[in-house]
Amino acid sequence: MSTRSTPVEVLGLTFRFRSHRMAEFLMLLFLAVAMGLPLLFLLAGSFHLSPPGKEAVYGLGNWLRAFEDSATIDALWMSFLLSAVRLVPAMLIAVVFAWLIARTDMPGGNAIEFFCWLAFFIPDFPLTLAWILLLDPNYGFLNMLARQLPFVDGPPFNPYSFWGIVWVHTSAGGIWFK
């Protein structure tokens, strides 16, 4: 099957455009504009210092004010720390699972591979809500069971703590998407 192509010369170079390639390029261009333009407006607006209705004044004042606030620095540091702490165990577990599935004849390897593929199609939000229902300090199912034990005084699990957030994020999607 042959497809027609139209030769086009630009700056001494000859290009051959096929109609389906042009459609793909136009779709890519449309998506780049549709997603990039709002980000460009957001970035440009962050340099706009004057209130609405006044003459435009541009500068770095908004950025300086944001980074002078200790809450911004704390949020950035916590995001970095959570990412780093989640990445290490997730990568180790993912590499072990990938090696076991691809390079060994372990029993149940096909089932584990199926569940890894299945995890791509399960959204993270319902999984996160499920972990909250299981681990919430006040009404979580596992905490209710743990309180029945004679040596447990308070709720042992808390999905809102640092390590709880690491556990929920890693178990919900961190291992299967690396």
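Above this text you will find the structure in question.
Everything numeric here is computed off the predicted structure, so don't read it as measured data.

A. Representation of the overall build of the protein in the model. Within the protein one finds seven helices and two strands. The N-to-C order of helical and strand elements in the protein reads β-β-α-α-α-α-α-α-α. In terms of overall dimensions, the protein is more spread out than a globule: its C-alpha atoms have a radius of gyration of 26 Å, far above the 16 Å expected for 178 residues. The buried share of the protein, taken over its 178 residues, is 14%. Of all intrachain contacts in the protein linking residues separated by at least 6 positions in sequence, the fraction that spans at least 24 positions is 34%. For the protein, the exposed surface amounts to about 14,100 Å²; the carbon and sulfur share of it is 72%.

B. Main features of the environment of F121. You can see F121 is positioned in the loop between α4 (109-120) and α5 (124-135). Among the residues examined, F121 registers a relative accessible area of 67% and is labelled exposed. The spacing of F121 and L133 is 12 residues in sequence and 21 Å in space, taken between C-alpha atoms.

C. The arrangement of the side chain of D136 in detail. Among the structural elements, D136 can be located in the loop between α5 and α6 (141-147). Among buried Asp, Glu, Lys and Arg side chains, D136 stands out as unpaired, with R147 the closest opposite charge at 7.3 Å. Within polar-contact distance, the side chain of D136 engages the backbone nitrogen of N138 at 2.9 Å. Once residues within four sequence positions are removed from consideration, D136 is found in contact with W131, N143, P159 and Y160.

D. View of the environment of F15. Inspection of the secondary structure puts F15 in strand β2 (residues 13-18). Of the residues examined, F15 reaches a relative accessible area of 38% and is grouped as partly exposed. Linking F15 and L145, residues 130 residues apart in sequence, is a C-alpha distance of 69 Å. In this structure, F15 is in contact with T6, P7, V8 and V10, ignoring residues within four places of it in sequence.

E. Main features of the side chain of N143. Along the chain, N143 falls in helix α6. Its relative accessible area of 0% is what places N143 among the buried residues. Setting aside chain neighbours within four positions, we find N143 in contact with L134, L135, D136, P137, P155, P156 and F157.

F. Representation of the packing of aromatic side chains. Inspection of every chain in the model, using the stated rule, returns six aromatic pairs. Aromatic rings pair up to connect F47, W63 and F67 into one cluster.

G. Up close: the packing of helix α2 (residues 61-68) against helix α3 (residues 70-103). Their axes nearest at 4 Å, the elements α2 and α3 cross at an angle of 70°. As the angle between them shows, α2 and α3 are arranged roughly perpendicular. Across the interface between the two elements, A66, F67 and E68 of α2 pack against S70, T72, I73 and L76 of α3. Of the residues contributing to the contact of α2 with α3, the split by class is four nonpolar, two polar and one charged.

About the thresholds
- By convention here, each chain's residues receive numbers from 1 onward along its written sequence.
- pLDDT decides what is reported in this predicted model: residues at 70 or higher carry local features, side-chain atom pairs at 80 or more are listed and counted, and totals for whole chains, interfaces and linings draw on all residues regardless.
- Neither water nor hydrogens contribute to the side-chain values; these are computed over all heavy atoms in the structure.
- Helix and strand labels come from DSSP, where a helix needs a run of H or I of at least four residues and a strand needs a run of E of at least two; each type is numbered from the N terminus.
- In this description the radius of gyration comes from C-alpha coordinates, and the expected globular size is given by 2.2 Å times residues to the power 0.38.
- Classification of residues uses two cut-offs on accessible area relative to the type maximum, computed with a 1.4 Å probe and protein chains only: under 20% is buried, over 50% is exposed, and between them is partly exposed.
- Contact criterion: two residues are considered in contact whenever any of their non-hydrogen atoms come within 4.5 Å of each other.
- Method for areas: the Shrake-Rupley scheme with a 1.4 Å probe, in which residue coverage is limited to the protein chains shown.
- Residues scored as positive are Lys and Arg, those scored as negative are Asp and Glu, and His as well as the terminal groups of each chain are ignored.
- Here, a salt bridge means any Lys or Arg side-chain nitrogen found within 4 Å of an Asp or Glu carboxyl oxygen.
- Counting of polar contacts relies on pairs of N or O atoms within 3.5 Å, with two restrictions inside protein: one atom must be capable of donating a hydrogen and the other of accepting it, and residues adjacent in sequence are counted only when both atoms are side-chain atoms.
- Pairing of aromatic side chains requires ring centres within 6.5 Å, counting the rings of Phe and Tyr and the six-membered ring of Trp. Pairs whose planes differ by under 30 degrees are stacked, by over 60 edge-to-face, and all others tilted.
- Axis lines are fitted to C-alpha atoms, over the contacting stretch for helices. Their N-to-C directions set the angle, which ranges from 0 to 180 degrees.
- The cut-offs work like this: below 35 degrees is roughly parallel, past 145 is roughly antiparallel, 65 to 115 is roughly perpendicular, and the gaps in between are oblique.
- In this classification, the charged set is Asp, Glu, Lys and Arg, the nonpolar set is Ala, Val, Leu, Ile, Met, Phe, Trp, Tyr, Cys and Pro, and all remaining amino acids, among them Gly, are polar.

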